[in-house]
Amino acid sequence: MFYTKNFENDYSDLIGLLSACARLHSDPMMYTDLSGNLVGCNEALMDLLALKEFEEIAPLQDWFAPQGVDLSYLLSQSGDYRGKIDTSGSGYDVSVKSEVILLDHHSIIGVVFRDTSIIERARAAERYFEQFKKKFLTTISHEFRTPMNAIIGFTDLLNNSPLSSWQQEYVQLTSRSAHAMMRNIENLLEMMEVESGSVHTNPALFNPLEVYENFSQQFCDLALSKNLGLMFLIDPHLPKSMIGDQDKILSIMRNLVQNAIKFTGEGGRVLVEILIVKEEGHFIEVEYAVSDTGCGIEQEKIKTLLRPFASAWENQRRGKDGLGIGLSLSHKYVDMMDSHLMLASEQGKGSRFSFRVTHQLNEEGTFDFIPGTRASIYTEAHQPSISGALLLKYLEMFDVQANVIHDLINTALQESDVLFLDIPHISKAQIDAIKSTYPKLGIVPIMKLDYGEKANGLIDSVSSIVTLPILPSSLHKTLAVIWHTMPKEYISRSPEAQSVPSAENIKILVAEDNPINLKLLETILLQEHFRVVAVDNGQKAVDTYLKEHFDLVLMDIDMPVMDGLMANRLIKEIDKRDGRGFVPVIALTAHALSGDRERIVGAGLDAHLAKPIDKHFLLQTMDRYLKIAQQKRQSSIV
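A short tour of the structure in this document, coming up. Residue numbering note: each chain is counted from 1, following its sequence as written. Only residues with pLDDT of 70 or above have their local features reported here, since the model is predicted, and side-chain atom pairs are shown and tallied only from 80 upward, although totals for entire chains, interfaces and linings are computed over all residues. Remark: hydrogens and water are excluded; side-chain values derive from all non-hydrogen atoms of the structure.

**Description of the side chain of Asp556**
Step number 1: Of note, Asp556 is situated in the loop between β21 (552-555) and α23 (564-578).
Step number 2: Burial classes follow relative accessibility: with a 1.4 Å probe on protein chains only, a residue under 20% of its type's maximum area counts as buried, one over 50% as exposed, and anything between as partly exposed. A relative accessible area of 3% means that Asp556 is categorised as buried.
Step number 3: By definition in these notes, contact holds between two residues if any of their heavy atoms fall within 4.5 Å. Those residues in contact with Asp556, other than ones at most four positions away along the chain, are Ala511, Glu512, Asp513, Gly564, Leu588, Thr589 and Lys611. For helices the rule is a DSSP run of H or I covering at least 4 residues; for strands it is a run of E covering at least 2, with both sets numbered from the N terminus onward.

Here's what the structure looks like:
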């Protein structure tokens, strides 16, 4: 309906045309002459003003006068006004647009009102929905991770207890299922984060060798359970520090390694490569790759491989677990870093996934290199083992001239500085025989980490021992002994290790409000012979810390009375006030979504470990920070 006043003949011929135009607008609108006198309006304007008769409309200037708006300027300049209009004491948040229209030699001003409160309500609803999604993801992540931490933790402890064969099998099946469920939960939550648009790249400074070597330890048990050869080739030329999104890189690599292990049969091999492929100024391009000798991927499956859930049915058909979203998630993360996820696969022979990331250099490499060293790798087989072949590649990266020999009576040994023994069984008698023939030759056996007492029995007879998996830092220590830049005692009886007190003399403060997870942490630490004091909230942690001295603190974040962030801040203040020195505070938390690590470490905690906690990684992290604390104490004394 179109409302008008009674006009003289000058406007009567325009009423029909104006009425037709007004019906096209769902927004409130009206027409005025150049003086601001109302000509007509549509029904939407009458509804906005809650009026029944056109004559009830107040003079137009009265609507804008309280806002200090010049009506004549607004109308003459085809104005655009945002604010309130006042009609009979009622205020409306509106956007007003006006435009001069020439109709049949008459200048008419069309004015359209848009209720901006609707837009604001929509924006408020959108903001609420975004906050709801974030809170939902955070809550779900926390509520899943907290009980899964206890399930996985106690199952792993039970797995290392004396059990009958059938009990051992049941526990292993439970553990495998729990880990599979946790991987699915993590991938699903990450995918929800990405799809919500709340995930962005977070480049930060990090030590690549330290991060990637720690990462390599996470899959040892998984590979061992399938009797797989899991190897890491990490470029020793990587800088000491560089800039990149380590969380997303590790998430991608974790998915690729887990998939490689999943689809590789017993006795197969998985190789993880992290290599510099280009250096240019202050930037390096690093290739990250995971290769396996598994079943490979059919060509027709490759097209749908990156679609979420596309491979879920295929996993079920093959008796594998997984929702089929790990690769899709990895692809999205790679894309965020302006790269591409590449695949080379042959059915029945294996697959290789890779991607490249450009990093900005911050600090030059960690290791020194002394060219000219000559090494021999002895193997009884026709070719070196997988670990021996990997060692050969590492030696080339360290500028060592290396060759493979199959006979210990060999002229090459006369010219070699070191002999690596790539044989399954090594005895002290064998080593003594080699030393008597080549007294100046350094001898280094390659041994599994779990050789234990056997390795200890050989250490006095050899220059060093290369333990599997081979990693750059441990190999560099061995070469440093050969180069005479480091005493052998650093390898066999590390002064760094000696400086840390035995576990019985280390006191740990644990703050965790969940009683089951608190029991788990206490059990793990007491089994390792640490002294433990446990509390169930941040306030108790601070009160206890004031009364006693601790060597390390394990801190949950979400706790009643006082959270872990505030407790950590007060603990650091106590250290500073009382001159206690550096006491590491490690966060053990169910907050593991994108940005949580940066937020927590940025709040002052020294490290972030996400639940469910891996026992070996926890102990490894504690050991590293206890050594850092000891070094800082010694440097302060000097």
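Once the structure has been displayed, the description carries forward.
**Some points on the nonpolar core**
Step number 1: Core analysis: the largest hydrophobic core is formed by 70 residues, its most contacted members being Tyr212, Tyr288 and Phe420.
Step number 2: Take this core: its biggest share by element is eight residues, from helix α10 (residues 246-262).
Step number 3: Excluding residues within four positions of it along the chain, Tyr288 makes contact with Tyr212, Met242, Ile249, Met253, Glu273, Ile274, Phe353, Ser354, Phe355, Val357 and His359.
Step number 4: Residue types Ala, Val, Leu, Ile, Met, Phe, Trp, Tyr and Cys, when buried and joined through side-chain atoms within 4.5 Å, form a set referred to as a nonpolar core. Counting residues in each nonpolar core, the second largest holds 22 residues, with Phe530, Ile586, Met622 and Ala629 among its members.

**Points about the pattern of salt bridges**
Step number 1: For this document, the term salt bridge refers to a Lys or Arg side-chain nitrogen within 4 Å of an Asp or Glu carboxyl oxygen. Here the structure, examined in full by the defined rule, presents 18 salt bridges.
Step number 2: For Glu512, the salt bridge identified is with Lys611, shortest N-O distance 2.7 Å. With a gap of 99 residues between them, Glu512 in the loop between β19 (507-511) and α21 (515-527) and Lys611 in the loop between β23 (607-610) and α25 (615-637) connect regions that are remote in the sequence. As far as the burial class goes, Glu512 and Lys611 line up, both buried.
Step number 3: Each of the salt bridges in this network shares a partner with another, and the network as a whole consists of Glu273, Glu287, Arg352 and Arg356.

**Observations concerning the packing of aromatic side chains**
Step number 1: Working definition: a ring pair exists when centres of Phe, Tyr or Trp rings (six-membered ring for Trp) sit within 6.5 Å. Plane angles under 30 degrees give stacked, over 60 give edge-to-face, the rest tilted. Overall, the coordinates contain nine aromatic pairs when judged by the stated rule.
Step number 2: When the ring of Phe215 is compared with that of Phe232, the centres are 6.4 Å apart and the planes differ by 85°; the resulting orientation is edge-to-face. Of the two residues, Phe215 is situated in helix α8 (residues 208-216) and Phe232 in strand β8 (residues 229-234); the sequence distance between them amounts to 17 residues. The same class applies to Phe215 as to Phe232, namely buried.
Step number 3: Where Phe367 meets Phe398, the ring centres are 5.8 Å apart and the plane angle is 50°; that geometry is what we call tilted. Here the residue Phe367 occupies a position in the loop between β13 (350-365) and β14 (374-378), and Phe398 occupies one in the loop between α14 (386-397) and β15 (401-405), the gap between them amounting to 31 residues.
Step number 4: By relative accessible area, Phe367 is classed as buried at 15%.
Step number 5: Grouped by ring-pair contacts, the aromatic residues Phe206, Tyr212, Tyr288 and Phe355 constitute a single cluster.
Step number 6: Remark: a charge is flagged as sitting over a ring if the NZ atom of Lys or the CZ atom of Arg is within 6 Å of the ring centre and within 35 degrees of the ring normal. Positioned over the ring face of Tyr333 is Lys248, at 5.7 Å from the centre of the ring.

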